[in-house]
Amino acid sequence: MIKAILIFNNHGKPRLSMFYQPYSEDTQWQIIRETFHLVSKRDENVCNFLEGGLLIGESDNKLIYRHYATLYFVFCVDSSESELGILDLIQVFVETLDKCFENVCELDLIFHVDKVPNILAEMVMGGMVLETNMNEIVTQIDAQNKLEKSEAALAGAPARAVSAVKNMNLPEIPRNINIGDISIKVPNLPSFK
């Protein structure tokens, strides 16, 4: 099971932290700091697996990480996870970010702080891997983006309706409105303009 997913830069500033087990905020910060110190001190030509020890409370934890440019992608997992499977998952995550943001960099993680967790949630939910097919993940993210755009268009509809009423060129405000057998008397209203 995946216990946490951490992304931080070369200076240890967290850009994303997802914990799949409850930890206090102080414990989360301690885990981030300790994880950064463990992985940042390692040489570039050593393996990307590291025993986590008591880092997240149990002795069978592992840190599996990749270092891309200025970012560390670290998955804290228990012994039931495959190291190579998690490395592949990190690669799929980075390539998916690359497709979504066109050549992803640290600034994309900063300025799209609302979208990156959604992309990750398409892959991992509750510490379990859901999807590893990058094309399927990108398809779902595109569908979410289309839905957000259509909702944004609907959100502006009331303002456009008020504007349309204000811009109507009526010679006078109707006093009586008849719809079938129903007759509505309109009170004297001030002009819309």
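Naming follows an unreviewed UniProt entry, where the protein chain appears as AP-3 complex subunit sigma-1-like of Balaenoptera musculus. The record held by UniProt for the protein chain lists under Sequence similarities (unreviewed entry) the comment "Belongs to the adaptor complexes small subunit family."

The subject of this paragraph is a nonpolar patch on the surface. A grouping of Ile177, Ile179, Ile182 and Ile184 is seen on the molecular surface, where their side chains present a nonpolar patch of about 350 Å² in accessible area. At the level of elements, β8 (176-179) and β9 (182-185) are the ones that each hand at least two residues to the nonpolar patch. Assignment of secondary structure puts isoleucine 177 in strand β8.

A few words on helix α4 (residues 116-123). For α4, the full list of buried residues reads Val116, Ile119, Leu120 and Met123. When α4 is viewed along its axis, its buried side chains cluster within an angular range of 95° and face the same direction.

Another aspect to go through is the pairing of strand β5 (residues 71-77). Along β5, seven of the seven residues are buried, which leaves the element largely enclosed by surrounding structure. Alternating residues of β5 divide into Leu71, Phe73, Phe75 and Val77 and Tyr72, Val74 and Cys76, and every residue in both groups is buried. In terms of strand pairing, strand β1 (residues 2-9) meets β5 through seven bridges, oriented antiparallel. Paired with isoleucine 5 across the strands is phenylalanine 75, a residue of β5. As defined by bridge partners, strand β4 (residues 61-68) adjoins β5 across seven bridges and the pair is classed as antiparallel. Looking at the pairing, leucine 63 lines up with cysteine 76 of β5. Counting the residues between successive antiparallel strands, the hairpin from β4 to β5 contains two residues, one of them, alanine 69, with a positive phi of roughly 50°.

Reading the values: rules and limits
- Residues numbered from 1 in each chain as written.
- Predicted model: local features only at pLDDT ≥ 70, side-chain atom pairs only at ≥ 80, totals over all residues.
- Heavy atoms only, no water.
- UniProt positions renumbered as here; feature names shortened; annotations may be inferred.
- Patch = residues over 30% accessible without salt bridge, like charges linked within 9 Å, V, L, I, M, F, W, Y side chains within 5 Å.
- Areas by Shrake-Rupley, 256 points an atom, 1.4 Å probe, with all protein chains shown as cover.
- Salt bridge = Lys/Arg side-chain N within 4 Å of Asp/Glu carboxyl O.
- Helix = DSSP H or I, 4+ residues; strand = E, 2+ residues; numbered from the N terminus.
- Buried < 20%, exposed > 50% of the residue type's maximum accessible area, 1.4 Å probe, protein only.
- Arc of directions from axis to C-beta.
- Pairing = 2+ DSSP bridges.

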